[in-house]
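# Tertiary structure, described
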Amino acid sequence: MRTRRAVLALPLFLALLAAPGPARAQDGDFSGFVASLRSDAAARGVSPNTFDAAFAGLRGPDPDVIARTRRQGEFSRPVWDYLVGAVSPGRIARGQAQGKRLAATLAAIEARTGVPRAIVLAFWGVESDFGASAGSLPTVRALASLAYVRHRGTLFRDELLAALQILEKGDIEPARMVGSWAGAMGQVQFLPSVYLREAVDFDGDGRRDIWRSEPDALASIAHYLRSLGWKPGLSWGYEVSLPKEFDLTRYRGPLSDFAARGVRRTDGKPLPVNGEASLFLPGGLGSPVFLITDNFEVIRGYNTSDSYALAVGHLADRLAGGPALAAPWPNGDARLDGPGLKRLQAGLAAQGLYAGEQDGRAGPKLREAVRQYQIREGLPADGYARPALLERLEGRP
């Protein structure tokens, strides 16, 4: 199955990736840093009046924002812990109520983009709890703080300049441009560069308002997903059951091939005839098993976390009336923490199986490396990084 990646400027979750502390501030004081932005902003068409209004009253970096850069993101949490909050009964109920209230708008967006209304609702729910938790921190303050300490190089400096361009266009006033500590904005949690490319004026008022306009926010989600490669008519994936003695080494292929090999959807419906998929066992054998499609990778383009993508997909299914997951999660089992995953990545890299960053986070690259190691060692190839696997790799009894 082909993996599709988003460009660098992703929404909130990518900005939450842990980094080894912020770099030293640039030479000079904060006011000097702001002054250094003026020529670059002007080159992007930002007027002096817009520039001055954006930074009015901002005297220094926000210490709370800088402190947040040292905290671990949700990549360290197991999938099942993440799903508890992301796909809660209350969120399902709120989402279904919102779906009924906005049925006409969602139908029009689906007709235009091919992105199912339940998927759009699920993104809205996970990103901002359907607009109720969109963040209240001024975006310029957040981005200026991150840019000043050069967190993640020049990324946030570029995002700050993009935010100034948005203000210049007049889509939002400085006081209303708010969002998260990492600069992700509005009900959809777009970083400014994503906003400039993907935001949509769906209500026709001349503004692309992802802060206050529900039609604009929902249509912007769908437009972004289409840009990332969403395939209309294809689900993100399915919870499935595997027959006994199933050959896990053949974990990619046509959906029709999986059906012929005895794989069944847990909701009793047949697998589609068309489409490609791969097995995903985020808790290993004995926990929920999924067949995921290219559209799962599109969801990961919006946010690179496996947990996030699974939450969006499952929430969409529940909003559409689908059942809860059938198999239990391994809640009480031992699992590798961040340092353990780092050691696993290093060990697999030493054997030529892992070429990704050794960051202590589970993801598709580590999952594939674990599978290849399991296949080579004659182990069940579920791709799940258990503590016992690390012990075996390091030669411990």
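By the element assignment, S220 lies in helix α12 (residues 214–228). Ignoring any residue separated from it by four or fewer positions in sequence, one finds S220 in contact with F190, E198, A199, V200 and I210.

Here the focus is the layout of surface pockets. Of the volumes computed, that of the second largest pocket is approximately 530 Å³. Lining the second largest pocket we find 26 residues, and of these S235, W236, G237, R265 and D317 sit closest to its centre. Those elements that provide at least two residues to the lining of the second largest pocket are α8 (117–128), β3 (237–241) and α15 (306–319). Residue composition of the lining of the second largest pocket, by class: 13 nonpolar, six polar and seven charged.

A few words on the packing of aromatic side chains. Evaluated as defined, the whole model comprises 16 aromatic pairs. Plain terms: the ring middles of W124 and F130 are 5.6 Å apart, the flat faces sit at 90° to each other, and that makes the pair edge-to-face. Linked through ring pairs, F123, F190, Y224, Y302 and Y308 together constitute an aromatic cluster. The aromatic ring of Y251 is capped on one face by R371, whose charged end is 4.2 Å from the ring centroid.

Below, the discussion takes up the sheet that holds β3. Strand order in the open sheet formed by five strands is β4-β6-β7-β3-β5, and the pairing between neighbours is antiparallel. Every interior strand has two partners, whereas the edge strands, β4 (252–254) and β5 (264–265), have only one. Sheet topology places strand β6 (residues 276–280) next to strand β7 (residues 289–292); three bridges connect them, and they run antiparallel. What sits directly across from F280, in β7, is F290.

We now examine helix α7 (residues 103–113). Within α7, the full set of buried residues consists of T105, L106, I109 and T113. The buried residues of α7 occupy an angular sector of 95° when the element is viewed end-on, so they sit on one face. Summarising the geometry of α7, the exposed residues directed more than 90 degrees from the buried face are A104 and A111. For α7, the secondary structure elements touched by its buried residues are α6 (89–101), α8 and α12. One or two residues past the end of α7 sits G114, with phi positive at roughly 80°.

Time to look at the pattern of salt bridges. The final tally for this structure, using the stated rule, is 26 salt bridges. For R157, the salt bridge identified is with D40, shortest N-O distance 2.9 Å. Placement of the pair is R157 in helix α10 (residues 155–169) and D40 in helix α2 (residues 30–43), with a sequence separation of 117 residues. Given a relative accessible area of 18%, R157 falls into the buried group.

If a residue is not glycine, its phi is most likely negative; likewise, a peptide bond is most likely trans. Positive phi, normally seen in glycine, also occurs at D129, with a value near 50°. Along the chain, the position of D129 falls in the loop between α8 and β1 (137–138). Judged by its relative accessible area of 18%, D129 is buried. The phi dihedral of R150 falls on the positive side, at around 55°, and the residue is not glycine. Looking at the element boundaries, R150 is found in the loop between α9 (139–148) and α10.

Criteria and thresholds
Residues numbered from 1 in each chain as written. Predicted model: local features only at pLDDT ≥ 70, side-chain atom pairs only at ≥ 80, totals over all residues. Heavy atoms only, no water. Helix = DSSP H or I, 4+ residues; strand = E, 2+ residues; numbered from the N terminus. Contact = heavy atoms within 4.5 Å. 1 Å grid on protein atoms, 1.4 Å probe; cavity = no way out; pocket = protein on both sides within 12 Å on 5 of 7 lines; lining within 4 Å. Points joined across faces, edges and corners; volume = space filled by probe spheres on them. Nonpolar A, V, L, I, M, F, W, Y, C, P; charged D, E, K, R; others polar. Phe/Tyr/Trp six-rings, centres within 6.5 Å; stacked < 30°, edge-to-face > 60°. Lys NZ or Arg CZ within 6 Å of the ring centre and 35° of its normal. Pairing = 2+ DSSP bridges. Buried < 20%, exposed > 50% of the residue type's maximum accessible area, 1.4 Å probe, protein only. Arc of directions from axis to C-beta. Salt bridge = Lys/Arg side-chain N within 4 Å of Asp/Glu carboxyl O.

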